[in-house]
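# Breakdown of the fold
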Amino acid sequence: MPANPTAPQAPPPPTGEPPLVRAGLIAVAMAFLAAFLLMPLVSVFAEAFARGPAAFLAAIAEPDALAAIRLTLTVAAIAVPLNIVFGLAAAWAVTKFEFRGKALLVTLIDLPFSVSPVISGLIYVLLFGAGSALGPWLQGHGLQVLFALPGIVLATVFVTLPFVARELIPLMEAQGTAEEEAALTLGAGGWATFRRVTLPNVRFALLYGVLLCNARAMGEFGAVSVVSGHIRGVTNTMPLHVEILYNEYNFLAAFAVATLLALLALVTLAAKTALEWQRSQRRRAAGA
Amino acid sequence: MTAPRTVTAAASPGPGPGPGPARRGWRAPSVIPGFGPTLGITLGYLGLVVLIPLAALVWRSTELGAAAFWDLARDPRTLAALRTSFGAALIAAGVNAVFGALVAWVLVRYRFAGRRLLDAVVDLPFALPTAVAGIALAALYGPQGWLGKPLAALGIQVAYAPAGIVVALVFVGLPFVVRTLQPVIAEIDREWEEAAASLGARRAQTVRRVIAPSLLPAWATGFALALARGVGEYGSVIFIAGNLPHVSEIAPLLIVIKLEEFNYPAATAVGVMMLSISFALLLVINLLQAWNRRRLTDAR
């Protein structure tokens, strides 16, 4: 996503809009982004601090809120590493080799993005719920999947599966296989080649993929909502806790927990902007 | 970039992985190790996490039998929910097609204070959890909200009405249109615009006859991506929609309600219908993206 084309150095070409039209378009764009993006973001913080920082802190330090934070961190700590391993393996298989069925494989990797979050949860309810063969059998062996941590992790893994692979594949495709082949020719093993040649080349794309994957894992609502069972203090993740508080008209607490998730989003955006800036700097340095 | 390639070509025995390798069987030979394990992990993981669970949904729906499925599918409440989801997503994608294009144009072509901030903010819907977006929009557009109050004074109710669904879907869909159009706008060759201008075209004509056609594939792709996202959206909508059956109840919410009633057959039927819509849209998006790529390579 090269969002920053090179700034025009030449005097304004004879093809631009008149200054008045230009100012009008900028104003409309700003108003639209303010009404739909900026004001909602600001309102989260305004509502959370409506009764001062003490009330905000009390809402966050409440035991059920802390349990929700702990569960969200646990789920992300399991789901994100799994998808990093998958993303690296998938990107390696797809970009370093030519084989039949590759396009289909890439479509399959992207598939979770096209499925409604609620359906991502529904499929696990049907697979492990009452009426399936698998769920009761697992429960008989002491493993509760639905309405427990394993189900929440599975649903989260499903919705965040494409993020890492999707960031890596275009970049590794563009980089080709020449550097790996050189390393192998010079006597490096496969693992050393991956670790010392491929990984440094893709580290920023990998980092960005991990950030996006983590943001979605911590913020997923629909899929997790369907498989969680909403047991307060036990199977409520942060977004689910926000919903419960909101539905109880405890708006202050709902927005207080929501600010933590909004901060996560802001950190993700800031990191993204920094990575993109760095990438454009390097591209400029390489071009100069 | 070129030097290592010649080294390998000399060193690799037999048909090297140069341009246009001779295919033997289903994959081209390669000196790079790790094909088996990485493809194995990829397929095994996809199978366990994605394919088997999706197959469970399809399997359960076939268990219902055609007659029962047809009855569930024709349920008026189900049809109303599907119509609401699809209709609101269509309107929101339309709003985003217009304003998203304007935002993309302004961000690429103009230099003004705050441009970088606005550019970064466009990604907010990708990063902000949908539940947070939902309660924020409900507060903002609610009867007491910063925007809801003045709108209510004008007699416009947004929150807890179908209009609220559209607002939520505009939020989640916007970055798809902007981020699809931005690189394409940046690629437009200004010489074409200059040529049109020097041949006597007025600016409006240039925009309509030169710029708009070159943006069309990306525009359609962004529209379809926003639409696909909107049809399945749940978290940001349910807080602002009002969720009245037959009026402002979206299809994903109906699935959740059916699951809470332990009415698995009904949830399965709605789920299969939504999945079919999603796959149809995915197919359309893939075709549009192929068109988009063709246009980009032709232009070069």
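Residues numbered from 1 in each chain as written. Chains lettered and ligands numbered in written order. Predicted model: local features only at pLDDT ≥ 70, side-chain atom pairs only at ≥ 80, totals over all residues. Heavy atoms only, no water.

- As named in an unreviewed UniProt entry, chain B is Sulfate transport system permease protein CysT, taken from Rhodothalassium salexigens DSM 2132.
- The Subunit (unreviewed entry) field of the UniProt record for chain B holds the comment "The complex is composed of two ATP-binding proteins (CysA), two transmembrane proteins (CysT and CysW) and a solute-binding protein (CysP)." (UniProt positions renumbered as here; feature names shortened; annotations may be inferred.)

- Looking at an unreviewed UniProt entry, one finds chain A named Sulfate transport system permease protein CysW, with Rhodothalassium salexigens DSM 2132 as its source organism.
- Its UniProt record gives chain A the following Subcellular location (unreviewed entry) comment, quoted word for word: "Cell inner membrane".
- We quote the UniProt Subunit (unreviewed entry) comment for chain A here in full: "The complex is composed of two ATP-binding proteins (CysA), two transmembrane proteins (CysT and CysW) and a solute-binding protein (CysP)."

### A look at the overall build of chain B
- A tally of regular secondary structure across chain B gives 14 helices and 0 strands.
- Mapped from its N terminus to its C terminus, chain B presents α and β elements in the order α-α-α-α-α-α-α-α-α-α-α-α-α-α.
- The C-alpha radius of gyration computed for chain B amounts to 25 Å, which surpasses the reference 19 Å derived for 300 residues by more than 25%, pointing to a less compact arrangement than a globule.
- Taken over 300 residues, chain B has a buried fraction of 50%.
- In chain B, the share of contacts with a sequence separation of at least 24, taken over all contacts with a separation of at least 6, comes to 72%.
- On chain B, roughly 13,500 Å² of surface is accessible, and the fraction owed to carbon and sulfur atoms is 67%. (Helix = DSSP H or I, 4+ residues; strand = E, 2+ residues; numbered from the N terminus. Rg over C-alpha atoms; globule rule 2.2 N^0.38 Å. Buried < 20%, exposed > 50% of the residue type's maximum accessible area, 1.4 Å probe, protein only. Contact = heavy atoms within 4.5 Å. Areas by Shrake-Rupley, 256 points an atom, 1.4 Å probe, with all protein chains shown as cover.)

### Brief notes about the UniProt feature "domain: ABC transmembrane type-1" (unreviewed entry) in chain A
- The UniProt feature table records "domain: ABC transmembrane type-1" (unreviewed entry) at residues 69-270 of chain A.
- Helix makes up 80% of residues 69-270 of chain A and strand makes up 0%, while its end C-alpha atoms are separated by 22 Å.

### Looking at a positive patch on the surface
- Side chains of Arg-203, Arg-279, Arg-282 and Arg-283 of chain A sit close together on the surface and give a patch of like positive charge.
- Its location among the elements puts Arg-279 of chain A in helix H13 (residues 251-287). (Patch = residues over 30% accessible without salt bridge, like charges linked within 9 Å, V, L, I, M, F, W, Y side chains within 5 Å. Salt bridge = Lys/Arg side-chain N within 4 Å of Asp/Glu carboxyl O. Lys, Arg positive; Asp, Glu negative; His and termini not counted. Charge placed at Lys NZ, Arg CZ, Asp CG, Glu CD.)

### Some remarks on the packing of helix H9 (residues 178-185) of chain A against helix H10 (residues 190-219) of chain A
Residue and element names in this part refer to chain A.
- Contact geometry for H9 and H10: axes closest at 10 Å, N-to-C directions at 145°. Of the two possible hands of crossing, H9 and H10 adopt the one that is right-handed. Listed contacts from H10 to Glu-179, Glu-180, Ala-183 and Leu-184 of H9 are Gly-190, Thr-193, Val-197, Thr-198 and Asn-201.
- In terms of residue class, the contact of H9 with H10 is built from 3 nonpolar, 4 polar and 2 charged. (Axes fitted to C-alpha atoms, helices over the stretch in contact; angles between N-to-C directions. Left-handed = near helix turned anticlockwise from the far one by under 90°. Nonpolar A, V, L, I, M, F, W, Y, C, P; charged D, E, K, R; others polar.)

### Considerations on the UniProt feature "transmembrane region" (unreviewed entry) in chain B
Residues and elements named next belong to chain B.
- In the numbering used here, UniProt assigns the "transmembrane region" (unreviewed entry) feature to residues 31-59, 86-108, 120-142, 154-178, 210-228 and 269-291.
- Helix makes up 86% of residues 31-59 and strand 0%. Its end C-alpha atoms lie 42 Å apart.
- For the annotated span residues 269-291, helix accounts for 100% and strand for 0% of the residues, and the straight-line distance between the end C-alpha atoms is 34 Å.

### Points about the interface of chain B and chain A
- Each partner contributes to the interface: chain B provides 105 residues, whereas chain A provides 98 residues.
- Summed over both partners, the interface of chain B with chain A buries about 9,100 Å², with 77% contributed by carbon and sulfur atoms.
- Considering only the surface of chain B that becomes buried against chain A, Ile-32, Tyr-45 and Tyr-110 of chain B emerge as the three largest contributors, covering 8% of it.
- Seen at the junction of chain B and chain A, the total is 2 salt bridges.
- Where chain B meets chain A, there are 13 residue pairs in polar contact (both at pLDDT 80 or more). (Buried area = accessible area lost by both parts, 1.4 Å probe. Polar contact = N/O pair within 3.5 Å; in protein donor to acceptor, adjacent residues only side chain to side chain.)

### Comments concerning the UniProt feature "transmembrane region" (unreviewed entry) in chain A
All names here are of chain A.
- UniProt's entry tags residues 20-46, 67-94, 114-138, 145-165 and 251-275 with the feature "transmembrane region" (unreviewed entry), counted in the numbering of this structure.
- In this annotation, residues 20-46 is assigned 100% helix and 0% strand; the end-to-end C-alpha distance for the span is 35 Å.
- With 72% helix and 0% strand, residues 114-138 has end C-alpha atoms that lie 30 Å from one another.

### Considering the packing of helix H5 (residues 117-128) of chain A against helix H2 (residues 35-64) of chain B
- As a packed pair, H5 of chain A and H2 of chain B sit with axes 8 Å apart at the nearest point and diverge in direction by 75°. Relative to H2 of chain B, the element H5 of chain A is oriented roughly perpendicular. The segment H5 of chain A lies against H2 of chain B, with Ile-119, Leu-122, Ile-123, Tyr-124, Leu-126 and Leu-127 of chain A engaging Val-49, Ile-52, Pro-53, Leu-54, Ala-56, Leu-57 and Arg-60 of chain B.
- Residues that form the contact of H5 of chain A with H2 of chain B fall into these classes: 12 nonpolar, no polar and 1 charged. (Parallel < 35°, antiparallel > 145°, perpendicular 65-115°, else oblique.)

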